[in-house]
Amino acid sequence: MSETEELLVCRQVHPLTHDVSTFVFEYAEPRLFRHDPGQFLTLTLDVDGRPAQRCYTISSSPTRPFLLSITVKRLPGGLVSNWLHDRLRPGDTVRAHGPLGEFSTARHPAPKYLFLSGGVGVTPSMSMTRTLYDLADPADVVFVHSARTPADIVFRHELDLIAATAPNIRVVHVCEEDRPYAPWGGYRGRLTIETLRQVAPDFREREVFTCGPAPYMAAVRHMLADAGLDMDHYHEESFTFETPATQAEASPTTATDAGFKVEFTRSGRTLDCDPDTSLLAAASRAGLSLPASCAQGMCGTCKATLLSGSVDMQHNGGIRPREITQNKILLCCSKPLEDVVIDA
């Protein structure tokens, strides 16, 4: 895909579990999709007459480039996830920017992988596993997925088929509890180092990719670090899909008088921001709502033009060098070095 937004047409919707569905797209004009397994898109949707942007990992494989899919969990009160499940139908169109992101086996090739996922965080692991499987890649893969119940295991049947036909790919599911009429006989509870040692005793020798809810990733990160994994071989991906980053970073305190002046020209607001606070967080504290999604400098949703002043921007691939030369910045990872004026 290109640097600009592209128009995608929904071709199919596949319910996978009671609250997870896959949405399949193709370009509005005949073209092939090109992306790395594990990368994500930023979708722009018209929700009740207002634009809404969210990041979603591409769950399909680049080895099947005619179509592209995202897999979305319906969240209670989730503006975009509920709209997708309730409203998006084959023939409808959405706008997308991307692909983006470094969370990919293509960026970190290795002979042995460990994929750890929780909930719908399974999607990048699924894209990477589908790719390795399609290419008959000899890499040794251990795929460990944690779910609440057996009925919540996303891609269960496809993963079982992959594991049954690819001897170098092992799939393990861990469920916290049973489901009525669906007792679970596999690993139970939450992922522990004891379970990991049973399913992947050589985990310290593997390139590790983790994706899931923030508490899950924090627990896995600490568990692996305490167990002696070289964290140079650890990679994780996280998006707060349904909570705008302006809310996620919000503090109950108000903006202080210390720091620099930040003027947002479109809203006509001027506020204070100290040198250790991102422009997006400062805006949130002042009650100013701005487009944002990942809050990690990856998706590009909060991109804006810096009209004057300077900032310290520590991004993670969500902005291109050409855009930086055009005075574009990402509000979520930019901190003021002086008074600034922003076209936002």
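Treat the numbers as computed from the prediction; the structure is a model and nothing was measured.

A.B. asks: Can you lay out the packing of aromatic side chains for me, pointing to particular residues and giving the numbers?
C.D. replies: For the coordinates displayed, the defined rule picks out six aromatic pairs. On the basis of an interplanar angle of 85 degrees and a centroid distance of 6.4 Å, the ring pair of F115 and F143 is categorised as edge-to-face. With a gap of 28 residues between them, F115 in strand 7 (residues 112–118) and F143 in strand 8 (residues 140–147) connect regions that are remote in the sequence. F143 gets classed as buried once you look at its relative accessible area, which sits at 0%. Connected via pairs of aromatic rings, a cluster forms that spans F103, Y113, F115, F143 and F209. Here the basic side chain of R31 rests over the ring of Y27, its NZ or CZ set 4.1 Å away from the ring centre. One residue, R130, lies across the ring of F155, its end atom 4.9 Å from the ring centre.

A.B. asks: Please give an account of the sheet that holds strand 7 that cites residues and values.
C.D. replies: The strand order across the open sheet formed by six strands is 10-9-8-7-11-12, and the pairing between neighbours is parallel. Looking at strand neighbours, the two that pair on one side only are strand 10 (187–188) and strand 12 (234–237), the edges of this open sheet. In this sheet, strand 8 lies alongside strand 7 in parallel orientation, the contact comprising seven bridges. From the neighbouring strand, K112 faces strand 8, where its bridge partner is D140. Against the sheet, helix 3 (residues 156–165) touches strand 8 and strand 9 (169–175), its axis set at about 145 degrees to strand 9. Contacts from helix 5 (residues 214–226) reach strand 7, strand 8, strand 11 (207–211) and strand 12 within the one sheet, and its direction differs from that of strand 12 by about 175 degrees.

A.B. asks: Please give an account of the nonpolar core that cites residues and values.
C.D. replies: Counting 25 residues, the largest nonpolar core has V262, F264, L279, I329, L331 and I342 as its most contacted members. Within the residue set of this core, elements represented by two or more residues are strand 13 (260–264), strand 14 (269–273), helix 7 (279–285), strand 15 (303–308), strand 16 (311–313), strand 17 (328–330) and strand 19 (340–343). Counting residues per element, this core draws most heavily on helix 7, which supplies four residues. Excluding residues within four positions of it along the chain, L279 makes contact with V262, F264, C273, V311, I329, L331, S334, P336, V340 and I342.

A.B. asks: Tell me about the sheet that holds strand 19, and please be specific about residues and values.
C.D. replies: Taken in spatial order, the five strands line up as 14-13-19-15-17 in an open sheet, and their pairing is mixed. Bordering the open sheet on either side are strand 14 and strand 17, each of which pairs with just one other strand. With direction set aside, neighbouring strand axes in the sheet form an average angle of 35 degrees. In terms of strand pairing, strand 15 meets strand 17 through three bridges, oriented antiparallel. The partner of A304 across the bridge, within strand 17, is I329.

A.B. asks: Summarise unusual backbone geometry; cite the residues concerned and give the values.
C.D. replies: For the peptide bond that leads from G98 to P99, omega is 5 degrees, which places it in the cis range. Within the chain, A136 stands out as a residue other than glycine whose phi angle is a positive 50 degrees. For A136, the position within the fold is in the loop between helix 2 (122–134) and strand 8. With relative accessibility at 62%, the residue A136 sits in the exposed group. Positive phi is not limited to glycine here, since F155 has a value of about 65 degrees. Relative to the helices and strands, F155 is located in the loop between strand 8 and helix 3. Residue F155 is classed as buried on the basis of its relative accessible area, which comes to 7%.

A.B. asks: If you had to explain the pairing of strand 14 to someone new, which residues and values would you point to?
C.D. replies: Inspection of the sheet shows strand 13 paired to strand 14 by five bridges, in the antiparallel sense. Opposite K261, over in strand 14, you have D272 as the bridge partner. If you look at the hairpin formed by strand 13 and strand 14, you'll find four residues sitting between the two strands, and G268 has a positive phi there, around 75 degrees.

A.B. asks: Would you mind going over the pattern of salt bridges in detail, with residue names and values included?
C.D. replies: By the definition in use, this model includes 22 salt bridges. R74 is the partner of D86 in a salt bridge, and the nearest nitrogen-oxygen pair spans 2.8 Å. Of the two residues, D86 sits in helix 1 (residues 79–87) while R74 sits in the loop between strand 5 (68–73) and helix 1, which places them 12 residues apart along the sequence. The exposure class assigned to D86 is partly exposed, which follows from its relative accessible area of 43%. K112 serves as the salt-bridge partner of D202, at 2.5 Å between the closest nitrogen and oxygen. One end of the pair, D202, is in the loop between helix 4 (193–199) and strand 11; the other, K112, is in strand 7, and 90 residues separate them in sequence.

A.B. asks: Break down the side chain of E237 for me, citing the residues and quoting the values.
C.D. replies: Mapping E237 onto the fold places it in strand 12. Although E237 is buried, it forms no salt bridge, and the closest oppositely charged side chain is R107 at an N-O distance of 10.0 Å. Discounting chain neighbours no more than four positions away, the residues touching E237 are G38, F40, F103, T210, C211, G212, M217 and M298.

Here is what the cut-offs are and how they apply
Residues numbered from 1 in each chain as written. Predicted model: local features only at pLDDT ≥ 70, side-chain atom pairs only at ≥ 80, totals over all residues. Heavy atoms only, no water. Phe/Tyr/Trp six-rings, centres within 6.5 Å; stacked < 30°, edge-to-face > 60°. Helix = DSSP H or I, 4+ residues; strand = E, 2+ residues; numbered from the N terminus. Buried < 20%, exposed > 50% of the residue type's maximum accessible area, 1.4 Å probe, protein only. Lys NZ or Arg CZ within 6 Å of the ring centre and 35° of its normal. Pairing = 2+ DSSP bridges. Contact = heavy atoms within 4.5 Å. Axes fitted to C-alpha atoms, helices over the stretch in contact; angles between N-to-C directions. Core = buried A, V, L, I, M, F, W, Y, C linked by side-chain atoms within 4.5 Å. Salt bridge = Lys/Arg side-chain N within 4 Å of Asp/Glu carboxyl O. Lys, Arg positive; Asp, Glu negative; His and termini not counted.

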